[in-house]
Amino acid sequence: MDKGIKLSIIVPVYNVESYIRPCIESIFSQGLNTNDFELILINDGTQDNSFAQISDILQGNSNVLIIEQSNQGLSAARNSGIRNSTGNYLYFLDSDDEWENTYLEKMVEKIKGKNIGLCYSGYNIIKERSTKRMNCNGIEGNIFEKEIILDRVSPTSCVIFKRECIEKSGMFDINLPARQDFDMWIRISKDYEIATVKEPLVKIYRDGHESISSNTEKRVFATEQVYAKVINMLTEDEKEKFTKQIEWAKNKTITEIYVQHKQKEQAFKYAKITKQY
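Position labels on residues start from 1 in each chain and follow its written sequence. Under the rules for a predicted model, residues below a pLDDT of 70 receive no local features and side-chain atom pairs below 80 are neither given nor counted, while totals for whole chains, interfaces and linings still include all residues. Hydrogens are left out, water is left out, and the side-chain values use all remaining heavy atoms of the structure.

### Describing the overall build of the chain
A run of H or I in DSSP becomes a helix once it reaches four residues, and a run of E becomes a strand once it reaches two; helices and strands are each numbered from the N terminus. What the chain contains, in helices and strands, is 10 helices and 9 strands. Throughout, radius of gyration means the C-alpha value; the globule benchmark is 2.2 Å times the number of residues raised to the power 0.38. Rg of the C-alpha trace for the chain: 19 Å, near the compact-globule value of 19 Å for 277 residues, within the 12% margin. Looking at the chain as a whole, 49% of its 277 residues are labelled buried. The contact criterion used throughout is that any non-hydrogen atoms of two residues lie within 4.5 Å. Partitioning the contacts of the chain with sequence separation of at least 6, the portion at a separation of at least 24 is 78%. A total of about 13,800 Å² of accessible surface is found on the chain, and carbon and sulfur atoms cover 44% of it. Positive charges come from Lys and Arg, negative ones from Asp and Glu, while His and the chain ends are left out of the count. Where a charge sits is defined by one atom per residue type, namely NZ (Lys), CZ (Arg), CG (Asp) or CD (Glu). Here the chain contributes 37 positively and 40 negatively charged side chains, and the mean placements of these two sets differ by 6 Å. Buried means the residue's accessible area, taken with a 1.4 Å probe over protein chains only, is under 20% of the maximum for its type, while exposed means over 50%, and partly exposed covers the values in between. All accessible areas in this document rest on Shrake-Rupley with a 1.4 Å probe, and a residue is counted as covered only by the protein chains that are shown.

Structure follows, in structure tokens:
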């Protein structure tokens, strides 16, 4: 690792005893020296034996910090990790996901550019009977307008960003019940260039265990809230230019959420609205 680079890896933990060990093992398989990174685990009021599953891995590692708090949700847990971190590069790994062994090396190499604030990689969605490869589509540079419309930056486990982004763009929004990562990527992309590593370097597991992303109405409400925030971020000239595109993107996203959860009547309703734009 280059001199002067320190990584803060932040992992919220809540009722993941069946998944957390491979996650933590993937962090310690990155080939980093102890002084290159800190691992911050946020115990968000977990009620199972998650920490017992990894106690042997953590034992003797002086760069591991465990933060205890009552259950406050994913965004609040991530923000607790940020407030207690010291690194100049921030990573967030969900405790049921895993990194490939070369993830950190490749991501750090791409984000070191002067004007780059965030880098995201491709990933594999792992289900019980299938694997779906999600390569990056190569959208990088000044992508603020494209990200609003297309929502192409990968999930949080596939993203690294510089600490200065938090200082300028703010932390995760604890008032959003879902889509917190999309909201954050929009804010960062307004102020910084974005880089990509196209190959899939993260395993994201979707095997039916409880996930915020599976709650339909929360996702719909959060989508509406994020796009309302976007409108408030724009200048009057930008509003005139992009409002119709934003309304199209919002309703298209809501349509896709209802399709995904097989709510045909609602999907048809929002598909009709989308066509108006």
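### Here's the deal with unusual backbone geometry
Located in the positive-phi region is Asp151, a residue other than glycine, with phi close to 55°. When its relative accessible area of 27% is taken as the criterion, Asp151 is described as partly exposed. One non-glycine residue, Arg179, lies in the positive phi region at around 60°. Tracing the chain through its elements places Arg179 in the loop between helix H6 (163–169) and helix H7 (180–191).

### Focus: the pattern of salt bridges
As a working rule, side chains carrying opposite charge can pair if their charged atoms are close by. Definition used for salt bridges: Asp or Glu carboxyl oxygen within 4 Å of a side-chain nitrogen of Lys or Arg. Summed over all chains, the structure comprises 13 salt bridges. The residue Glu109 makes a salt bridge to Lys112 at a minimum N-O spacing of 3.3 Å. We note a salt bridge from Lys239 to Glu236, for which the minimum N-O separation is 3.5 Å. Of this pair, Lys239 and Glu236 both sit in helix H9 (residues 236–260), 3 residues apart, roughly one helical turn. Since its relative accessible area comes to 23%, Lys239 is described here as partly exposed.

### Considering helix H4 (residues 103–111)
All buried positions along H4 are accounted for by Tyr103, Leu104, Met107, Val108 and Ile111. Down the axis of H4, the buried side of the element spans an arc of 110°, and every buried residue falls inside it. Opposite its buried face, H4 presents the exposed residues Glu105 and Glu109, each directed more than 90 degrees away. As for H4, its buried residues are in contact with strand S1 (7–13), strand S4 (89–92), strand S5 (97–99), strand S6 (116–126), strand S8 (159–162) and strand S9 (193–205). The arc in question is formed by the directions pointing from the helix axis toward the C-beta atoms.

### A closer look at the nonpolar core
Nonpolar cores are built from buried Ala, Val, Leu, Ile, Met, Phe, Trp, Tyr and Cys residues. Side-chain atoms within 4.5 Å join them into one set. One finds Ile24, Leu39, Leu41 and Tyr91 to be the most contacted residues of the largest nonpolar core, which totals 38 residues. Secondary-structure elements contributing two or more residues to this core are S1, helix H1 (20–28), strand S2 (37–44), helix H2 (55–58), S4, H4, S6 and S9. Every residue in contact with Leu39, bar those within four places of it in the chain, is listed here: Ile9, Val11, Ile24, Ile27, Phe28, Leu58, Asn63, Val64 and Leu65. Counting residues in each nonpolar core, the second largest holds 24 residues, with Ile67, Phe161, Trp185 and Ile188 among its members.

### Brief notes about the pairing of S6
Within S6, 11 of the 11 residues are buried, which leaves it mostly tucked inside the rest of the structure. A pair of strands counts as paired when DSSP detects no fewer than two bridges linking them. Pairing analysis gives 9 bridges linking S6 to S9, with the strands arranged parallel. The residue bridging Ile116 from the neighbouring strand is Glu193, located in S9. Inspection of the sheet shows S6 paired to S8 by 3 bridges, in the antiparallel sense. Opposite Leu118, over in S8, you have Phe161 as the bridge partner. Pairing analysis gives 4 bridges linking S6 to strand S7 (residues 131–134), with the strands arranged antiparallel. Looking at the pairing, Ile126 lines up with Thr131 of S7.

### Let's talk about helix H3 (residues 74–83)
By the criterion of burial, H3 is predominantly enclosed, with 8 of the 10 residues buried. Looking only at H3, the buried set comprises Ser75, Ala76, Ala77, Arg78, Asn79, Ser80, Gly81 and Ile82. Tucked inside the fold, the buried residues of H3 contact S1, S2, strand S3 (64–69), S4, H6 and H7.

### Looking at the packing of aromatic side chains
Centres within 6.5 Å make a pair out of two Phe, Tyr or Trp rings, where for Trp the six-membered ring is used; the pair is then stacked when the planes are under 30 degrees apart, edge-to-face when over 60, and tilted otherwise. Scanning the entire structure with this criterion turns up 10 aromatic pairs. Between Phe92 and Phe172, the aromatic rings sit 5.3 Å apart at their centres with planes inclined by 85°, giving edge-to-face as the arrangement. One end of the pair, Phe92, is in strand S4; the other, Phe172, is in the loop between H6 and H7, and 80 residues separate them in sequence. For the residue pair Phe92 and Phe172, the accessibility class agrees, reading buried in each case.

### Remarks on the side chain of Lys250
For Lys250, the location among the structural elements is in helix H9. Of note is the side chain of Lys250, whose polar atom sits 3.1 Å from the side chain of Glu247. Pairs of N or O atoms within 3.5 Å make up the polar contacts considered here, provided that, within protein, one atom can donate a hydrogen while the other can accept it, and that residues adjacent in sequence are counted only when both atoms are side-chain atoms.

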